[in-house]
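What follows is the residue order along each chain.
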Amino acid sequence: MRATVMHSAGDVRIEDFRDPSIVEPTDAIMRVVRACVCGSDLWPYNSMEPSEAGQSMGHEAIGVVEDVGVEVGSVKRGDLVIMPFAISDGTCEFCHDGLQTACVHVGFFGNNGMNGAQAEVLRIPYADGTLYPVAVGEDDALLPSLLTLSDVMGTGHHAAVAAKVAPGNRVAVVGDGAVGLCGVIAAKRLGAEQIIILGRHPDRIALAHEFGATDVVSERGAEAVERVKELTGGHGVHSVLECVGLDQAVQTAIEIARPGGAVGRVGVPQHQAIPGAEPSFFGNTTVGGGPAPVRAYIEELLPDVLEGRIEPGRVFDRTVDLDGVPDGYRAMNDRESIKVMVKP
Ligand SMILES: [Zn+2]
């Protein structure tokens, strides 16, 4: 079978491997039907130290179960499943709390030596807790939107939940990548009245408007803070969805929250300390968020996808086969594409 391996910054290759097989009785083997390239894959794409073994890439997928271990009970051969980006056992106290990304057996596909989903086949540990079966066919028109439930739509929703979006709220979304765009969908879905997107790429902004953004701020730093305040009667927004992870983005997110507001961080932090200690203190700002428990959110978001009320799959503007994956990374990195879907 073939899979995507990153060997160093900018060096993405498609390589041959032996087909994976069941190792633990709780495993499943999943054939990948659709995968994609994530904005977070671009961090190592720009900074990874050379590695001979490399890292198998990809953490978002829809697939078909090809084999299961003897202890697997909730998915079976032939099921079409959503594969959330994190492995979870489904039984520990954190899984019961709906925080599967803190599972005592957590692991992240395509990270730290774990196998990735930009591949033909992959082994899924704790298949019962991890995979979510859906009753649609392999060629269903909804596959792109269902695929976003493995990460970006669940992550955008998590940002909105952590930012305490409520009906009538003023909301800002920092970042116009796929997660930010899904954050716009999530904010609208939760009843936000004003949704300001902070971003500057015309194709992404256009989609943000279609998803429900009411205002655009393309400035950065202090000018962006100024603009958001102008748009919100001088006080800032109730809820900020921080979907970038860079220092300046977090600082801006904190500064545009109104007093008593909340910031939901889902951009993977590219820093050690959270910026904005002083403004967040004096603003009584709640700063929350983290890796989204997308497994928990599938239940809530799935009906809206199946019934067409939300169309997060529109973030995909390019589809490649496995051989096209290296160029897919390049296209996303060059901001030529919003999000690349992979059809192995
Ligand atoms: Zn668990």
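What this report covers is the structure whose coordinates are included nearby. (Residues numbered from 1 in each chain as written. Predicted model: local features only at pLDDT ≥ 70, side-chain atom pairs only at ≥ 80, totals over all residues. Heavy atoms only, no water.)

## Details of the overall build of the protein chain
Scanning the protein chain from N- to C-terminus turns up 12 helices and 18 strands. What you see for the protein chain is a C-alpha radius of gyration of 20 Å, in line with the 20 Å of a compact globule of 344 residues. In terms of its C-alpha atoms, the protein chain occupies a principal-axis envelope of roughly 60 × 40 × 35 Å. Considering only contacts within the protein chain whose residues lie at least 6 apart along the sequence, 68% involve residues at least 24 apart. (Helix = DSSP H or I, 4+ residues; strand = E, 2+ residues; numbered from the N terminus. Rg over C-alpha atoms; globule rule 2.2 N^0.38 Å. Contact = heavy atoms within 4.5 Å.)

## Considering the sheet that holds strand E4 (residues 55-56)
Reading across the sheet, the three strands line up as E2-E1-E4 and stay open at both edges, with antiparallel pairing between neighbours. Each having just a single partner strand, strand E2 (11-16) and E4 make up the two edges of the open sheet. On top of the sheet, helix H12 (residues 325-333) reaches strand E1 (2-8) and E2; it is set at about 160° to E2, its chief contact. (Pairing = 2+ DSSP bridges. Axes fitted to C-alpha atoms, helices over the stretch in contact; angles between N-to-C directions.)

## Observations regarding unusual backbone geometry
Across residues other than glycine, the phi torsion is negative in most instances, and most of the peptide bonds are trans. Despite not being glycine, Asn 112 shows a phi value in the positive range, around 50°. Mapping Asn 112 onto the fold places it in the loop between strand E8 (107-108) and strand E9 (121-124). For Asn 112, a relative accessible area of 80% translates into the label exposed. The phi torsion at Arg 335 lies on the positive side, around 60°, for a residue other than glycine. (Buried < 20%, exposed > 50% of the residue type's maximum accessible area, 1.4 Å probe, protein only.)

## Re the side chain of Gln 100
Topologically, Gln 100 is positioned in the loop between helix H2 (93-96) and E8. Using a relative accessible area of 10% as the deciding quantity, one classes Gln 100 as buried. Gln 100 has contacts with Ile 87, Ser 88, Phe 94, Cys 95, Val 106, Pro 293, Arg 295 and Ala 296, leaving out every residue within four places of it along the chain.

## Considerations on the packing of helix H5 (residues 152-162) against helix H6 (residues 178-189)
Packing of H5 against H6 leaves a shortest axis separation of 7 Å and a crossing angle of 55°. The pairing of H5 with H6 is recorded here as oblique in orientation. With respect to the hand of their crossing, H5 and H6 are arranged in right-handed fashion. In this structure, H5 contributes Val 152, Met 153, Thr 155, Gly 156, His 157 and Ala 160 to the contact, and H6 contributes Ala 178, Val 179, Cys 182, Gly 183, Ile 185, Ala 186, Ala 187 and Arg 189. (Parallel < 35°, antiparallel > 145°, perpendicular 65-115°, else oblique. Left-handed = near helix turned anticlockwise from the far one by under 90°.)

## Notes on the nonpolar core
Soluble, globular proteins show a tendency: their nonpolar side chains are buried together. Core analysis: the largest hydrophobic core is formed by 50 residues, its most contacted members being Leu 149, Leu 241 and Val 315. Leaving out residues up to four positions away in the same chain, Val 315 has contacts with Thr 148, Ala 178, Leu 181, Cys 182, Leu 207, Phe 211, Ile 338 and Lys 339. Counting residues in hydrophobic clusters, the runner-up holds 32 residues, among them Val 37, Ala 61, Ile 87 and Met 332. (Core = buried A, V, L, I, M, F, W, Y, C linked by side-chain atoms within 4.5 Å.)

## Some thoughts on the pairing of strand E17 (residues 316-320)
Walk down a regular strand and you will see the side chains alternate between the two sheet faces. Relative to strand E18 (residues 339-342), E17 is paired through four bridges, and the arrangement is parallel. When the sheet's bridge partners are listed, Arg 318 is paired in E18 with Val 340. Crossover E17 to E18 through H12 is right-handed. (Right-handed = clockwise from strand over helix to strand, strands pointing away.)

## Describing the packing of helix H8 (residues 221-231) against helix H9 (residues 247-256)
The geometry of H8 relative to H9 is characterised by a closest axis approach of 10 Å and an angle of 30° between their N-to-C directions. Classified by the angle their axes make, H8 and H9 are roughly parallel. As H8 runs across H9, the sense of the crossing is right-handed. From H8, Gly 221, Ala 224, Val 225, Val 228 and Lys 229 reach across to H9, where they touch Gln 248, Thr 252, Glu 255 and Ile 256.

## Here we look at H8
For H8, every residue scored as buried is listed here: Gly 221, Ala 224, Val 225 and Val 228. For H8, the buried positions fall inside an angular range of 100° around the axis, keeping them on one side. Residues of H8 that are exposed and angled more than 90 degrees away from the buried face: Ala 222, Glu 223 and Glu 230. Where H8 is buried, its residues touch strand E12 (194-198), strand E13 (215-217), strand E14 (237-242) and H9. Immediately downstream of H8, the backbone of Gly 233 shows phi near 65°, a positive value. (Arc of directions from axis to C-beta.)

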